[in-house]
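Listed here are the chains, written in short residue letters.
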Protein chains: 2
Amino acid sequence: MGLHQRIEEAIERVLAASTGAGPEGLGRAMRYAVTPGGARIRPTILLSVAAACGEDQPELTDAAAVALELIHCASLVHDDLPCFDDADLRRGKPSVHVAFSQPLAVLTGDALILKAFEVIAGASTGVEGRGLKLTAHLAMRSGAPHGICAGQGWESETEIDLTAYHKAKTGALFCAATQMGAIAAGQDPAPWEDLGSLIGEAFQVADDLRDALCSQEELGKPVGQDDLNGRPSAVAQYGLEGAARRLDDILAGAIASIPSCPGEAALAGLVRAYADRIVPNAVRALRPVPGE
Amino acid sequence: MGLHQRIEEAIERVLAASTGAGPEGLGRAMRYAVTPGGARIRPTILLSVAAACGEDQPELTDAAAVALELIHCASLVHDDLPCFDDADLRRGKPSVHVAFSQPLAVLTGDALILKAFEVIAGASTGVEGRGLKLTAHLAMRSGAPHGICAGQGWESETEIDLTAYHKAKTGALFCAATQMGAIAAGQDPAPWEDLGSLIGEAFQVADDLRDALCSQEELGKPVGQDDLNGRPSAVAQYGLEGAARRLDDILAGAIASIPSCPGEAALAGLVRAYADRIVPNAVRALRPVPGE
């Protein structure tokens, strides 16, 4: 079974067990927020690191991957709310508050966060130590002062600590992905922080590049000068080609940071495949093909 | 040290460790949402049940009590939002979205939920099994389909399952209080469900009575007919005196439901004191003094 199918099946098991009882609208909204999914990048990384670390508790690993994706989906539902991004669309369909209601969108986010911890606890019998480490880690990377809540919270400040902002807003759940993969496999998570952090940085730069190219092509705006929504951007800082070079450097650093382990080569392959996926096509034309 | 002081000190330790780093506004909003507190009824019940069960892990018990209160405070912050109750005041001061902003209110609720699980995990070293049971229990009683998120979610339904609604909306966190107290002390939580459930029911009926008396005295509306905000009410169902009798019956049932344990008598005393606190003064005049 491929990773993608494994993730979808694990998510489906959790949703099937969680809906049915309770208020019907909330149950439907929770399912709507989680399926059909996006690329499932974070749980894919988690499962890949767990495999590279010699995964021996597949049920716990599945639970960790699902929990991480539930938190990610919850953050999207809340970020889309009118008081934040006021986004009407998400993954090509109406966002949860548009399709259901604002109250149900707030509750859906809350309920998905809570479900994440229920799922981990439910899969930890016999491996309680790992279960609690996963719980602590997921909560820390999701909340405040170091998680994605803090990242979003920085946007309410008049002076932003940019490093802390990016680390929390984008990096935190990628660090959770690599480190929870290690924890689920019974390994020390510390050596896996850099990989998560660098993947998060790459994701951020790729996103900035996509925004800038979209501005250029679709909006006709000059590139490398404006700062969409007032947020800092790698393109504004380094220019388009500079940002593309920086993306290459970060991805090379990510691969170099992979700790020695049985699945090291496979994991490097995954990061390369992931890089191919996140680098906008228009950016490829900008940079020399490295080493080919 | 009294229970109240013990709870406040435990909450303060968590807040002190959680703020300082991260965005300043979110940190302040989290503290604002949690202090100064209300009656801290849920953590008081939790600590009392733990003591009655022969508490042997005070740090874990403190963590469970704080976690439960954080979830309760988070639910108040989200319930006060304009899309739900649109409440400008809470505990005599502006609600979080008024004092800070809607984005910070959403984030504060999210971050407090996450902090709850971080706190339990952080206190579970050496008692991992109990820590995971506390996690599972708190998540189940707070989320959906059986927790307070589901309770709130019922309000978005056209047809409400009244029993499920009350059980989830008010009862769930009282069940969490009694059962998590037992778990923290290493005991089976099952025999403690009835006590939590009955305290929750008493709380609901007392609340209905208070609403009805407030309507009569302050709003000049007839009592026992209207249904404030379209929500079901014990007063509408039984009338004022009937609801007062029902409250007595529920509280007697709660005391009778306390499982045999070393601290049984002390716990019964606590429920009686709690009853005195929640029963509106005007209701006392309505009922015969039982057995005195």
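Residues numbered from 1 in each chain as written. Chains lettered and ligands numbered in written order. Predicted model: local features only at pLDDT ≥ 70, side-chain atom pairs only at ≥ 80, totals over all residues. Heavy atoms only, no water.

## Description of the domain arrangement of chain A
Residues and elements named next belong to chain A.
- Taken domain by domain, chain A comprises domain 1 (1–160) and domain 2 (189–292).
- In this assembly, twelve residues from domain 1 lie in contact with 13 residues from domain 2.
- At the boundary of domain 1 with domain 2, total buried surface from both sides reaches about 1,000 Å², with 72% on carbon and sulfur atoms.
- Looking only at domain 1, the three residues that lose the most surface to domain 2 are Ile41, Ile45 and Ala52, adding up to 40% of its buried area.
- Here domain 1 and domain 2 share one salt bridge between them.
- Salt-bridge contacts for Arg141 lead to Glu193; the nearest nitrogen and oxygen are separated by 3.4 Å.
- Put simply, domain 1 and domain 2 have two residue pairs in polar contact (both at pLDDT 80 or more) between them.
- Considering each element in turn, the side of domain 1 that touches domain 2 owes the most residues, seven residues, to helix H3 (residues 41–52).
- Classifying every residue of the side of domain 1 that touches domain 2 by side-chain character gives six nonpolar, two polar and four charged. (Domains from an automatic or database assignment. Contact = heavy atoms within 4.5 Å. Buried area = accessible area lost by both parts, 1.4 Å probe. Salt bridge = Lys/Arg side-chain N within 4 Å of Asp/Glu carboxyl O. Polar contact = N/O pair within 3.5 Å; in protein donor to acceptor, adjacent residues only side chain to side chain. Helix = DSSP H or I, 4+ residues; strand = E, 2+ residues; numbered from the N terminus. Nonpolar A, V, L, I, M, F, W, Y, C, P; charged D, E, K, R; others polar.)

## Some remarks on the pattern of salt bridges
All names here are of chain A.
- Applying the stated criterion across every chain, the model contains 30 salt bridges over all chains.
- As a salt-bridge pair, Glu69 and Arg91 come within 3.9 Å of each other at their nearest N and O atoms. One end of the pair, Glu69, is in helix H4 (residues 58–79); the other, Arg91, is in the loop between strand S1 (89–90) and strand S2 (93–94), with 22 residues separating them in the sequence.
- Note on Arg91: relative accessible area 34%, which makes it partly exposed.
- The structure contains a network of salt bridges with shared partners spanning Arg6, Arg13, Glu55 and Asp62. (Buried < 20%, exposed > 50% of the residue type's maximum accessible area, 1.4 Å probe, protein only.)

## Here's the deal with the environment of Cys73(A)
Residues and elements named next belong to chain A.
- Position of Cys73 relative to the elements: it lies in helix H4.
- Considering only alpha carbons, one finds Cys73 and Lys93, 20 residues apart in sequence, at a separation of 14 Å.
- When neighbours within four sequence positions are excluded, Cys73 is seen to be in contact with Ala33, Val34, Arg40, Arg91 and Leu112.

## Remarks on the packing of H4(A) against helix H9 (residues 162–184) of chain A
All names here are of chain A.
- It is the contact of H4 with H9, at a shortest axis distance of 9 Å, that shows an interaxial angle of 170 degrees. Looking at the two axes, H4 sits roughly antiparallel to H9. In terms of crossing hand, the pair formed by H4 and H9 is right-handed. Between H4, through Leu60, Thr61, Ala64, Leu68, Ile71, His72 and Asp79, and H9, the contact on the second element is made entirely by Lys169, Leu173, Ala176, Ala177, Met180 and Ala184. (Axes fitted to C-alpha atoms, helices over the stretch in contact; angles between N-to-C directions. Parallel < 35°, antiparallel > 145°, perpendicular 65-115°, else oblique. Left-handed = near helix turned anticlockwise from the far one by under 90°.)

## A closer look at the interface of chain A and chain B
- With 47 residues of chain A in contact, the opposing surface of chain B contributes 47 residues.
- Its largest share of buried area at the contact with chain B, chain A owes to Pro23(A), Leu114(A) and Leu132(A), together 16% of the area lost on that side.
- At the boundary of chain A and chain B, one finds eight residue pairs in polar contact (both at pLDDT 80 or more).
- Within the residue set of the side of chain A that touches chain B, elements represented by two or more residues are helix H2 (24–34), H4, helix H6 (102–122), helix H7 (128–142) and helix H8 (148–154) of chain A.
- Here the element with the most residues in the side of chain A that touches chain B is H6(A); it accounts for 13 residues.

## Notes on the confidence of the model for chain A
- When pLDDT is averaged along chain A, the result is 89; 90% of the residues meet or exceed 70.
- Across residues 219–228 of chain A, confidence stays below pLDDT 50; counting only partners more than four residues off in sequence or on other chains, it has 17 contacts. (pLDDT = per-residue confidence, 0-100.)

## Concerning the relation of the copies chain A and chain B
- For the pair chain A and chain B, the relating rotation is 180 degrees, the translation along its axis is 0.0 Å, and the fit reaches an RMSD of 0.0 Å. The transformation just described matches what one would write down for a two-fold rotation axis. Looking at the rotation axis and the C-alpha trace of chain A, the residue lying nearest is Glu128(A), at 2.8 Å. (Least-squares fit on C-alpha atoms with pLDDT ≥ 70 in both.)

## Regarding the environment of Ala74(B)
All names here are of chain B.
- When you line up the elements, Ala74 lands in helix H4 (residues 58–79).
- In this structure Ala74 comes out as buried when scored by relative accessible area, which is 3%.
- For the pair Ala74 and Leu114, spaced 40 residues apart in sequence, the C-alpha to C-alpha distance is 9.8 Å.
- Setting aside residues no more than four positions away along its own chain, Ala74 makes contact with Gly109, Leu112 and Ile113.

## A short note on the packing of helix H1 (residues 3–18) of chain A against H2(A)
Residues and elements named next belong to chain A.
- One can describe the packing of H1 onto H2 by two numbers: an axis separation of 10 Å at closest approach and a directional angle of 170 degrees. One finds that H1 runs roughly antiparallel with respect to H2. Seen from H1, the contacting residues are Ile11, Glu12, Leu15 and Ala16; seen from H2, they are Met30, Arg31 and Val34.
- For the contact of H1 with H2, a count of residues per class yields five nonpolar, no polar and two charged.

## Concerning the side chain of Asp80(B)
Residue and element names in this part refer to chain B.
- Tracing the chain through its elements places Asp80 in the loop between H4 and strand S1 (89–90).
- Given a relative accessible area of 2%, Asp80 falls into the buried group.
- A distance of 2.9 Å separates a polar atom in the side chain of Asp80 from a polar atom in the side chain of Arg90.
- Sequence-distant contacts of Asp80, that is, excluding residues within four places in its chain, are made with Asp85, Asp86, Ala87, Arg90, Ser95 and His97.

## What about the packing of aromatic side chains?
- A full pass over the atoms with the stated rule returns five aromatic pairs over all chains.
- Note on Phe174(A) and Phe203(A): the rings are 5.1 Å apart at their centroids and 50 degrees apart in plane angle, and the pair reads as tilted. Of the two residues, Phe174(A) is situated in helix H9 and Phe203(A) in helix H10 (residues 193–219); the sequence distance between them amounts to 29 residues.
- Given a relative accessible area of 0%, Phe174(A) falls into the buried group.
- Owing to a relative accessible area of 22%, Phe203(A) belongs among the partly exposed residues under this scheme.
- Taking 5.3 Å as the distance between ring centres and 75 degrees as the angle between the ring planes, the aromatic pair formed by Tyr32(B) and Phe100(B) counts as edge-to-face. Residue Tyr32(B) is found in helix H2 (residues 24–34), and its partner Phe100(B) is found in the loop between helix H5 (96–99) and helix H6 (102–122); the two are separated by 68 residues along the sequence.
- For the cation-ring pair, Arg42(A) lies above Phe203(A), with the distance from its terminal atom to the ring centre recorded as 5.5 Å.
- For the cation-ring pair, Lys93(B) lies above Tyr32(B), with the distance from its terminal atom to the ring centre recorded as 3.7 Å. (Phe/Tyr/Trp six-rings, centres within 6.5 Å; stacked < 30°, edge-to-face > 60°. Lys NZ or Arg CZ within 6 Å of the ring centre and 35° of its normal.)

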